[in-house]
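Remarks on the overall topology
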Amino acid sequence: MSNPDEGTMTSSAVQHLPRFFVKQHFTVLVNRYTIVEALDDGSEGRLLAFAQQKRLAMREKVTFYEDEARTRPLFGFRARQVIDVAAAYDVTTADGSVIGSFEKDFAASLIRSSFHLRAPGLEAYGQERSLLVAVLRRVAELPLPVHFTFSDASTGAPVLTSERQFSLRDRYTVEVPDTRVDFRLAASVAVGVDALLGR
């Protein structure tokens, strides 16, 4: 990590969760996200975190709270710079410790949205699975299902997948087969990718 604006990543105990849902709720000025438990039968369980993103913020910063009243912050992600075409974000704990990061691959994303994901002991790369859907999204405003797969840069094994269901209200199923990926990082990536798709 050579970027001087980037914090030092910590290697604290990983809070791994193999599967959860991310739901988006549209409002005039903000996008609201609820992270909920995915039960074995496919239904929704308890609320895990709540966040909202300001649509016109100059410098992206999203904080996840334990409830919709936003009484206690749990974790979040923040942009390293106000204007950054690469769109690099650090994922932090409630006390500000950096536990991972994700960064948009600007050149590749002109055709198909692509991201780097980093955590202690892990380097991964993610892209929209379907080139056709990626192209259609760029020429038509349609609620197309967008699927992302992040794979280990060394082995090619999947570490995180995020699947958007076909609907006017976004809902994602997030699968995290790699135990090195912290739940807080996975939730931040799922929300961050959704927010960045609209830019």
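This text follows the structure it describes.
Computed from a predicted structure; not experimentally measured.

Conventions used here
- Residues numbered from 1 in each chain as written.
- Predicted model: local features only at pLDDT ≥ 70, side-chain atom pairs only at ≥ 80, totals over all residues.
- Heavy atoms only, no water.
- Helix = DSSP H or I, 4+ residues; strand = E, 2+ residues; numbered from the N terminus.
- Buried < 20%, exposed > 50% of the residue type's maximum accessible area, 1.4 Å probe, protein only.
- Contact = heavy atoms within 4.5 Å.
- Patch = residues over 30% accessible without salt bridge, like charges linked within 9 Å, V, L, I, M, F, W, Y side chains within 5 Å.
- Areas by Shrake-Rupley, 256 points an atom, 1.4 Å probe, with all protein chains shown as cover.
- Salt bridge = Lys/Arg side-chain N within 4 Å of Asp/Glu carboxyl O.
- Core = buried A, V, L, I, M, F, W, Y, C linked by side-chain atoms within 4.5 Å.
- Pairing = 2+ DSSP bridges.
- Axes fitted to C-alpha atoms, helices over the stretch in contact; angles between N-to-C directions.

1. Some thoughts on the environment of Ala49
One can find Ala49 in strand β3 (residues 44–54). Given the relative accessible area of 0%, Ala49 is considered buried. Sequence spacing of Ala49 and Pro73 is 24 residues, and the spatial spacing of their C-alpha atoms is 9.1 Å. In contact with Ala49, not counting residues within four places along its chain, are Tyr33, Thr34, Ile35, Phe64, Tyr65, Leu74 and Phe75.

2. Considerations on a nonpolar patch on the surface
Where nonpolar side chains cluster on the molecular surface, the patch consists of Phe106, Leu110 and Ile111 and spans about 310 Å² of accessible area. Relative to the helices and strands, Leu110 resides in the loop between α1 (106–109) and β8 (114–119).

3. Considerations on the nonpolar core
Formed by 41 residues in total, the largest nonpolar core has its most connected members in Phe20, Val22, Ile35, Phe64 and Phe150. Broken down by element, the residue count for this core peaks at 10 residues, all from helix α3 (residues 183–197).

4. Details of the sheet that holds strand β6 (residues 88–93)
Read around the closed barrel, 12 strands run β1-β2-β3-β4-β5-β6-β7-β8-β9-β10-β11-β12, paired in antiparallel fashion. Going across the sheet, the axis of each strand differs from the next one's by a mean of 20°, ignoring polarity. When strand β1 (residues 19–26) meets strand β12 (residues 171–175), the two strands line up antiparallel, connected through 5 bridges. By the bridge assignment, Lys23 is partnered in β12 with Arg171.

5. Quick look at the environment of Leu196
By the element assignment, Leu196 lies in helix α3. Residue classification places Leu196 among the buried residues on the basis of a relative accessible area of 6%. Counting along the chain gives 92 residues from Leu196 to Lys104, while the straight-line C-alpha distance between them is 8.7 Å. Among all residues touching Leu196, those that are not within four sequence positions of it are Ala87, Tyr89, Phe102, Lys104 and Phe115.

6. Topic: the pairing of strand β2 (residues 30–38)
If a strand is regular, its side chains alternate between the two faces of the sheet. The buried fraction of β2 is high, at 7 of 9 residues. The hairpin formed by β1 and β2 contains 3 residues between the paired strands. From the end of β2 to the start of β3, which pair antiparallel, there are 5 residues, and Gly42 there has a positive phi angle of about 90°.

7. A closer look at the pattern of salt bridges
The full count for this structure, using the stated rule, is 11 salt bridges. Glu44 is the salt-bridge partner of Lys23, the closest N and O atoms lying 3.1 Å from each other. Within this pair, whereas Lys23 is found in strand β1, its partner Glu44 is found in strand β3, the two being separated by 21 residues in sequence. Taking relative accessible area as the criterion, Glu44 reaches 31% and is therefore assigned partly exposed. Of the charged contacts in the structure, one is a salt bridge between Arg180 and Asp178, with a shortest N-O distance of 2.7 Å. Owing to a relative accessible area of 33%, Arg180 belongs among the partly exposed residues under this scheme. A single salt-bridge network, built from bridges that share partners, covers Lys23, Glu44 and Arg171.

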